[in-house]
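One letter stands for each residue in the lines below.
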Amino acid sequence: MARANSETGPVRRGRPRAYDAQAALKQATDTFWKAGYSGTSLDSIAAATGMTPPSLYAAFGNKHAIYLEALARYWEISLTATREALAEDRPLGESLMLAFEAALSIYFSGKGNARGCFVIGTAVTEAGEDAAIRNSVAAGLRAIDGDFEVRFRKAIERGELKPGADPAALAVLASATMHTIAIRARTGARRAELKELARKAVSVICGCSVAAG
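To keep things clear, this report deals only with the structure shown in the data block. (Residues numbered from 1 in each chain as written. Predicted model: local features only at pLDDT ≥ 70, side-chain atom pairs only at ≥ 80, totals over all residues. Heavy atoms only, no water.)

**A look at the packing of aromatic side chains**
Consideration 1: Per the stated rule, a full pass over the model turns up nine aromatic pairs.
Consideration 2: Arranged with centres 5.5 Å apart and planes meeting at 80°, the rings of Trp33 and Phe118 form a pair that is edge-to-face. On the criterion of sequence distance, the pair formed by Trp33 in helix α2 (residues 21–35) and Phe118 in helix α7 (residues 118–127) is long-range, its members being 85 residues apart. Each member of the pair, Trp33 as well as Phe118, carries the same accessibility label: buried.
Consideration 3: Aromatic rings pair up to connect Phe32, Trp33, Tyr37, Tyr67, Tyr74 and Phe118 into one cluster.
Consideration 4: Across from the ring centre of Tyr37, 4.2 Å away, lies the NZ or CZ of Lys63, which sits over that ring. (Phe/Tyr/Trp six-rings, centres within 6.5 Å; stacked < 30°, edge-to-face > 60°. Helix = DSSP H or I, 4+ residues; strand = E, 2+ residues; numbered from the N terminus. Buried < 20%, exposed > 50% of the residue type's maximum accessible area, 1.4 Å probe, protein only. Lys NZ or Arg CZ within 6 Å of the ring centre and 35° of its normal.)

**Quick look at the nonpolar core**
Consideration 1: Core analysis: the largest hydrophobic core is formed by 60 residues, its most contacted members being Leu96, Phe100, Tyr107, Phe148 and Phe152.
Consideration 2: Beyond its immediate sequence surroundings of up to four residues, Leu96 is in contact with Leu86, Phe148, Phe152, Val202, Ile205 and Cys206. (Core = buried A, V, L, I, M, F, W, Y, C linked by side-chain atoms within 4.5 Å. Contact = heavy atoms within 4.5 Å.)

**Remarks on the packing of helix α5 (residues 63–87) against helix α8 (residues 131–158)**
Consideration 1: One way to put it is that α5 packs onto α8 with a least axis distance of 11 Å and a crossing angle of 5°. Regarding the angle of α5 to α8, the classification is roughly parallel. Contact with α5, carried on its side by His64, Tyr67, Leu68, Leu71, Trp75, Leu79, Thr82, Arg83 and Leu86, involves Ala132, Ile133, Ser136, Val137, Gly140, Leu141, Ala143, Ile144, Asp147, Phe148 and Arg151 of α8 and no other residues of that element.
Consideration 2: Here the residues of the contact of α5 with α8 are counted per class, giving 13 nonpolar, four polar and three charged. (Axes fitted to C-alpha atoms, helices over the stretch in contact; angles between N-to-C directions. Parallel < 35°, antiparallel > 145°, perpendicular 65-115°, else oblique. Nonpolar A, V, L, I, M, F, W, Y, C, P; charged D, E, K, R; others polar.)

**Remarks on the side chain of Arg73**
Consideration 1: Its location among the elements puts Arg73 in helix α5.
Consideration 2: We note that Arg73 is buried and unpaired, the nearest opposite charge coming from Asp30 at a distance of 5.9 Å.
Consideration 3: Not counting residues up to four positions away in its chain, the partners in contact with Arg73 are Gln22, Leu25, Lys26 and Thr29. (Lys, Arg positive; Asp, Glu negative; His and termini not counted. Salt bridge = Lys/Arg side-chain N within 4 Å of Asp/Glu carboxyl O.)

**Some points on α7**
Consideration 1: All buried positions along α7 are accounted for by Phe118, Val119, Thr122, Ala123, Glu126 and Ala127. Within α7, the buried residues cover an arc of 125° as seen down the axis, which keeps them to one side.
Consideration 2: Close packing links the buried residues of α7 with α2, α5 and α8. (Arc of directions from axis to C-beta.)

**Some words on helix α9 (residues 167–186)**
Consideration 1: If you check α9, its first and last C-alpha atoms are 29 Å apart, about what 20 residues at 1.5 Å a residue would give, namely 28 Å.
Consideration 2: Buried residues of α9: Pro167, Leu170, Ala171, Ala174, Ser175, Thr177, Met178, Ile181, Ala182 and Ala185, and no others. Along α9, the residues classed as buried sweep out an arc of 150° about the axis, all on the same side.
Consideration 3: For α9, the elements touching its buried residues are α5, α6 (92–107), α7, α8 and α10 (191–206).
Consideration 4: The N-cap residue of α9 is Asp166: its side-chain oxygen and the backbone nitrogen of Ala168 are 3.1 Å apart.
Consideration 5: Gly188 occupies a position one or two residues after α9 and carries a positive phi of about 110°. (Expected span 1.5 Å × (residues − 1). Polar contact = N/O pair within 3.5 Å; in protein donor to acceptor, adjacent residues only side chain to side chain.)

Here is the structure:
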């Protein structure tokens with residue numbers, strides 16, 4: 001899919017002398033999150049960051065490059081939150097609920113209506129035609145599946161799951177639960193409702209009842 005000049009212009013010309021890269025990237029991420037990739041222009045990113053388009057080019061590159069950095073930043077935040085939750089030395093059900101609650105905190109982090117998952121809300125629609133975005137999404141999904149799988153393997157070793165349990169299959173189910181929570185959050189479901197959905201999913205995955213928190 002051909003992209004406009006504002007998206008495929010010079011990628012970098014050297015960084016400007018004064019700017020807060022992380023703050024600017026966060027503001028750019030928020031802009032993409034609200035309007036999507038196609039609905040976001042370089043001018044709207046400039047307005048959000050307080051930088052001129054030439055300064056944006058110099059700092060980050062074209063719109064596509066800015067978006068890829070925003071996507072990478074989101075993956076880092078999301079994966080870190082999931083890993084920290086799963087690393088807690090708690091029973092399996094509690095660890096999974098912590099992971100889903102961490103995701104909910106991200107999905108409901110914006111002002112006003114819940115904005116859901118940045119990846120699902122902005123990247124999935126572009127992945128079919130954009131190899132760089134598609135690769136980022138695929139790598140991120142593999143990482144989430146892998147993190148859940150590690151926790152399920154540990155659960156089998158601890159006797160929290162039956163010896164014949166399939167950790168890879170359970171990991172995909174856990175990831176799928178996270179994705180549907182993200183979609184439902186974006187479409188107006190209440191946070192309490194989504195937490196209850198997560199609790200029921202965890203009960204099914206663990207094969208035991210998980211008390212409502």
